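Descriptive analysis of the structure
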Amino acid sequence: MSALWQILRLMLRDQRTALLRGAALSVLVLAMGVALLGLSGWFITAAAAAGLAGVGATFDVFRPSAMVRFLALCRAAARYGERLATHDATLRALESLRLRLMAGHLAAPWQRLIRLRGAEVLNRLTADIDALDGLPLRLALPVLAGGLTQLLAFGVLWFLAGWQVALWLAAVSITGAALVLWRTGRRTLRPSRRAEAAAQAFRTRLIDLIRSRDDLAVYGHLEHQLAATRKAEIRRRNMQNQLDRLDRRAGAALVTLTSLSAGGALWLGLTLTQQGRLSPALAALGVFAALALAETLIPLRRAVADLGRMADAARRVRGGLSVALPVASMGTYTGSGGIRVHDLCLARPGDNQPLTPPLSFSVAPGETVALTGPSGAGKSTVLLALAGLHPPLSGQITLAGRALADWDEPALRDLLTLMPQRAGLMGGTVAEALRLAAPDAAEAELWQALEATALAETIRARGGLDLRLGSGGSGLSGGEARRLVLARALLRRPAILLLDEPTEGLDPDTANRVLSGLRAHLPQAAILLASHRETETAQTLRNVTVH
């Protein structure tokens, strides 16, 4: 449970005001509920006692009834505000958690980032964040508000109904509820985890079925995948039904506990009344307060039922979180400069054997140089090393006159742009895809980038910048999608541009137009591209062979 506590501390650190505001309103709602029901019980009993005593005509019904109406109206308003405040606090806490998680992953090694591209990993990451919404909303805030309300009720009942009634309600409510919730938590820990795993398996198989239905149909596996999806759904339902049964048992136990608490308060109140130490109206106050205090306990059973799911999610998320929230950078590099590499040796992840012989080369501003060599020789790895995403075994990398290690992360990203082989696109319009690199770019700048990559004519013919793309850039061919990614890279106007096979999938004429457009758009940039195509190497100043 330490992971849950650490996640909660981060949420509280980032959104302290919002969470405390939500907790304060929660306490107000619960306290008003106890006061409303207790006052109503007192009012009914006192009015009946006054009638039996023959003094009903002189009994003041106006002030208690006005207070009942006041509490009812204020409680309704406070409940509305509490819902808004607690959900707002939860959403803000999840927002800061997502930012921390993004910052942590952005600072992670390149090999770890590549693994995050898998649909299953991303699905798990999203589900883990969603699972943690119950941490503040259904666990932390209700526990805090319920505990404070119990203490407040204990003090008021001690003053009005006697220490016996106050102590009985506190002992039964707190001790009994703790026992019920503890047993429920132990019993639901494993089913909660299994239900979440089953839900993830179902979601993954359903997504695979939808995305790959054409291929599955072609190869005759559509029915098999459909059966596997149904099986996963049945298992998910069974796990969820088991969890719901345990949840209902916990609810029944808490209701029984409330009945015991109210019954004991009634017996104590009658005893004290018979002894002349308590009026009947104040005795009723304790009974109705016991019924109202159930509202501080019942909501916790859902959080306890989800405890295993939240604990597993917290453990997985904790490892990827950044301690500091990311701060947007406006950029610190405005000059130009080239690349200088001296005796650079690289190795694959987890291997200390050199992947390439020592490399030494330079790319001056305005030059275009190609890295050539057979497939698997390490050209892509060299680009990753230059971008600060792959640690070298030895050698020196100098960018714009400064060693790579001397560049801080925001300035380095402003200096250079890397377009890898597997650059991604998300669903949305063409304009939205381009503005990921330059949010404030005008339409004219977007069209200039598309012209440079020989894509403007195609985009105009299909509806312009408002052309909507599907997930992964569906709606464009492979070559068109690659050119759109390249246009996005150009919008950053980097001083150093690293390209991994930028014209793959293009015919020679289009490839020549794209390469010429790159240089025309960035006349002073140092461009280094990994290539094995003659079309690309023919337009470079020189080639550097990677063996």
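All of the points below concern the structure found in this document. As the structure is a prediction and not an experimental result, all values here were calculated from the model. (Residues numbered from 1 in each chain as written. Predicted model: local features only at pLDDT ≥ 70, side-chain atom pairs only at ≥ 80, totals over all residues. Heavy atoms only, no water.)

Remarks on the nonpolar core
Our working definition: Residue types Ala, Val, Leu, Ile, Met, Phe, Trp, Tyr and Cys, when buried and joined through side-chain atoms within 4.5 Å, form a set referred to as a nonpolar core. Here the term buried applies to any residue with accessible area under 20% of the maximum for its type, exposed to any over 50%, and partly exposed to those in between, with areas from a 1.4 Å probe on protein chains only. Numbered from the N terminus, helices here are DSSP runs of H or I no shorter than four residues, and strands are runs of E no shorter than two. Note on contacts: a residue pair qualifies if any of its non-hydrogen atoms lie within 4.5 Å across the two residues.
Within the largest apolar cluster, 42 residues are counted, with the highest numbers of intra-cluster contacts made by Val430, Leu434, Leu450, Leu465, Leu484 and Leu499. The dominant element in this core, judged by the number of residues it contributes, is helix H18 (residues 478-490), at seven residues. Among all residues touching leucine 484, those that are not within four sequence positions of it are Leu425, Val430, Ala433, Leu434, Leu450, Leu455, Leu469 and Leu476. Ranked by size, the runner-up nonpolar core spans 31 residues in total, among them Phe361, Leu371, Ala526 and Ala530.

Structural notes on the sheet that holds strand S1 (residues 339-345)
Put simply, the rule reads: DSSP calls a pair of strands paired once it identifies at least 2 bridges connecting them.
The sheet built from four strands is open, its strands ordered S2-S1-S4-S5 with antiparallel pairing. Only two strands of the sheet have a single neighbouring strand rather than two, namely strand S2 (359-363) and strand S5 (402-403). Note that S1 and strand S4 (residues 394-399) share five bridges and pair antiparallel. In the sheet register, histidine 342 faces S4, and the bridge partner there is glutamine 396.

Some words on the packing of aromatic side chains
For clarity, the cut-off: Ring geometry is summarised as follows: Phe, Tyr and Trp rings, the Trp one being its six-membered ring, pair when their centres sit within 6.5 Å, and such pairs are stacked at plane angles under 30 degrees, edge-to-face over 60 and tilted between the two. For a lysine, the NZ atom is tested; for an arginine, the CZ atom; a charge sits over a ring if that atom is within 6 Å of the ring centre and within 35 degrees of the ring normal.
Following the criterion strictly, the structure yields one aromatic pair and no others. A centroid spacing of 5.5 Å and a plane angle of 70 degrees characterise the contact between phenylalanine 154 and tryptophan 158, whose relative ring orientation is edge-to-face. Remark: tryptophan 158 and phenylalanine 154 occur in helix H6 (residues 134-160); sequence separation between them is four residues, near one turn of the helix. Taking the relative accessible area as the measure of exposure, phenylalanine 154 reaches 25% and is therefore partly exposed. Lying across the ring of phenylalanine 202, arginine 236 places its NZ or CZ 5.8 Å from the centre. One residue, arginine 402, lies across the ring of tryptophan 407, its end atom 4.0 Å from the ring centre.

As for the pairing of strand S9 (residues 496-500)
Quick reminder of the rule: For the handedness criterion, the strands are oriented away from the viewer, and a crossover whose path from the first strand over the helix to the second runs clockwise is classed as right-handed.
The element S9 is largely enclosed, with a buried count of five among its five residues. Summarising the sheet, strand S6 (residues 416-419) and S9 pair through four bridges and their orientation is parallel. Within S9, the position partnered with methionine 419 by the bridge is leucine 499. Here five bridges tie S9 to strand S10 (residues 526-530), and the two strands are oriented parallel to one another. Looking at S10, one finds that isoleucine 496 is bridged to alanine 526. Crossover S9 to S10 through helix H19 (residues 508-521) is right-handed.

Regarding the packing of helix H2 (residues 16-52) against H6
Heads up, the condition is: Axis definition: a line fitted to C-alpha atoms, over the contacting stretch in the case of helices. Angles run 0 to 180 degrees between N-to-C directions. Oblique is the label for any angle not covered by the other classes, which are roughly parallel (under 35 degrees), roughly antiparallel (over 145) and roughly perpendicular (65 to 115). In a left-handed crossing the near helix is turned counterclockwise from the far helix by less than a right angle, and in a right-handed crossing that turn is clockwise. Basically, the charged four are Asp, Glu, Lys and Arg, the nonpolar ten are Ala, Val, Leu, Ile, Met, Phe, Trp, Tyr, Cys and Pro, and anything else, Gly included, counts as polar.
One way to put it is that H2 packs onto H6 with a least axis distance of 9 Å and a crossing angle of 50 degrees. When the axis of H2 is compared with that of H6, the two are oblique. In the packing of H2 onto H6, the handedness of the crossing is right-handed. Mapping the contact onto sequence places Leu19, Ala23, Ser26, Val27, Leu30, Ala31 and Val34 in H2 and Pro136, Leu141, Leu144, Ala145, Gly146, Leu148, Thr149 and Leu152 in H6. Within the contact of H2 with H6, the residues separate by chemical class into 12 nonpolar, three polar and no charged.

What to know about the side chain of arginine 483
Selection rule: Positive: Lys, Arg. Negative: Asp, Glu. His and the chain ends are not part of the count. Salt bridge criterion: a side-chain nitrogen from Lys or Arg within 4 Å of a carboxyl oxygen from Asp or Glu.
The residue arginine 483 is located in helix H18 in this model. At 4.7 Å, glutamate 480 is the nearest oppositely charged side chain to arginine 483, a buried residue that forms no salt bridge. Residue contacts for arginine 483: discarding those within four places in its chain leaves Thr453, Ala454, Leu455, Leu506, Thr510 and Val514.

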